[in-house]
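# Understanding the architecture of this molecule
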Amino acid sequence: MKKRQRLVMRSVILVVIALALGYTLYQTVFSDKKEPVTVGDQAPNFVLKDLSGNEVELEDFKGKGVFLNFWGTYCPPCEKEMPAIQRQYEKYKDQGVVVLAVDIAEPELTVKKFAEKKNLTFPIVLDKQREVVDVYGVGNLPATYLINPEGKVIDKITGELNDTLVRNYMEKIKP
């Protein structure tokens, strides 16, 4: 009887150890979950398609300040801040500041109609598979990352922005 109990106990211990090792191996080797982007980090590069089907790469804007805005047409605060972003974009686009709006997982037609209705002229790219939103660790929308001309994230803002805030943030990233 004691031999059987020892065998069961040893088997249970071996299974627990094997499971722990397997989980650790999975987490360190196979899991591509990364830490969210924070202030001071180099902005991770990405390539997404815009509303015309052209590829847009973040690195293309090196040397410019990038106002990277994550949003969706289904997000009321996002909709409310878009006119302010557009107005300030018009003022700052010739001063080395670019707005790059990343729409999250919506049909292209929905985004096109929204952009036309709001008369948005800044670049809008589509993150259909939520790859970029995951890399940046975006939670609540809208979320805006301020990227300086050297490609470093200097601020992250969550929540609705108004004209004054957008202007102040664009001043911070202006080359």
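Position numbers for residues count from 1 along each chain, tracking the sequence in the order it is written. Where local features are concerned, this predicted model is filtered to residues with pLDDT of at least 70; where side-chain atom pairs are given and counted, the filter is 80 or more; whole-chain, interface and lining totals use all residues. Heavy atoms throughout the structure, all of them, feed into the side-chain values; hydrogens and water do not.

### Looking at the sheet that holds strand 4 (residues 97-104)
Threshold: Strand pairing is defined by DSSP finding a minimum of two bridges between the two strands. Each helix is a run of H or I in the DSSP string that is no shorter than four residues. Each strand is a run of E no shorter than two, and both are numbered from the N terminus. Fitting a line to C-alpha atoms yields each axis, with helices limited to the stretch in contact; the angle taken between N-to-C directions then spans 0 to 180 degrees.
Across the sheet, seven strands lie side by side as 2-1-5-4-3-6-7; this open sheet has mixed pairing. Two strands bound the open sheet, and with one partner strand each, they are strand 2 (55-57) and strand 7 (153-158). Pairwise comparison of adjacent strand axes, ignoring direction, gives a mean angle of 30 degrees for this sheet. Sheet topology places strand 4 next to strand 5 (residues 124-127); four bridges connect them, and they run parallel.

### Comments concerning a nonpolar patch on the surface
Counted only if it meets this: Patches were defined on residues exceeding 30% relative accessible area and lacking a salt bridge, with like-charge contacts within 9 Å and nonpolar side-chain contacts (Val, Leu, Ile, Met, Phe, Trp, Tyr) within 5 Å. Computed with a 1.4 Å probe, the accessible areas rest on the Shrake-Rupley method; for each residue, only the protein chains presented here act as cover. Salt bridge criterion: a side-chain nitrogen from Lys or Arg within 4 Å of a carboxyl oxygen from Asp or Glu. For the exposure calls, accessible area comes from a 1.4 Å probe over protein chains only, and a residue counts as buried if that area is under 20% of its type's maximum, exposed if over 50%, partly exposed in between.
Where nonpolar side chains cluster on the molecular surface, the patch consists of Met9, Ile13, Ile17 and Leu21 and spans about 400 Å² of accessible area. Mapped onto the elements, leucine 21 comes out in helix 1 (residues 2-30). Relative accessible area serves as the criterion here: at 59%, leucine 21 is assigned to the exposed category.

### What to know about the state of the cysteines
Selection rule: Our working definition of a disulfide is a cysteine sulfur pair at a distance within 2.5 Å.
Counted by the stated rule, this structure contains one disulfide. Two residues, cysteine 75 and cysteine 78, share a disulfide whose sulfurs are 2.3 Å apart. Taking the sign of the torsion about the S-S bond as the criterion, the disulfide between cysteine 75 and cysteine 78, at about 75 degrees, is right-handed.

### Considering the packing of aromatic side chains
Applicable threshold: Two aromatic rings, drawn from Phe, Tyr or Trp (for Trp, its six-membered ring), form a pair once their centres lie within 6.5 Å of each other, and the interplanar angle then sorts them: stacked below 30 degrees, edge-to-face above 60, tilted otherwise.
This structure, assessed with the given rule, holds six aromatic pairs. Where phenylalanine 46 meets tyrosine 136, the ring centres are 6.2 Å apart and the plane angle is 80 degrees; that geometry is what we call edge-to-face. Remark: tyrosine 136 occurs in helix 4 (residues 131-136) and phenylalanine 46 occurs in the loop between helix 1 and strand 1 (47-50); sequence separation between them is 90 residues. Owing to a relative accessible area of 0%, tyrosine 136 belongs among the buried residues under this scheme. Between tyrosine 136 and tyrosine 145, the aromatic rings sit 5.1 Å apart at their centres with planes inclined by 70 degrees, giving edge-to-face as the arrangement. A single burial state applies to tyrosine 136 and to tyrosine 145, both of which are buried. Three or more aromatic residues joined by ring pairs make a cluster, and in this case those are Phe46, Phe70, Tyr136 and Tyr145.

### Brief notes about the pairing of strand 4
Put simply, the test is: When the strands point away from the viewer, a crossover counts as right-handed if the route from the first strand across the helix to the second turns clockwise.
Most of strand 4 sits out of view: eight of its eight residues are buried. Residues of strand 4 alternate between two faces, with Val97, Val99, Ala101 and Asp103 on one and Val98, Leu100, Val102 and Ile104 on the opposite face, all of them buried. Of the pairings in the sheet, the one linking strand 3 (residues 65-71) to strand 4 comprises seven bridges and is parallel in character. Within strand 4, the position partnered with valine 66 by the bridge is valine 98. On the question of chirality, the crossover connecting strand 3 to the parallel strand 4 by way of helix 2 (residues 76-92) is right-handed. Handedness of the crossover is the feature at issue here: the chain leaves strand 4, passes through helix 3 (residues 108-118), returns alongside strand 5, and the resulting connection is right-handed.

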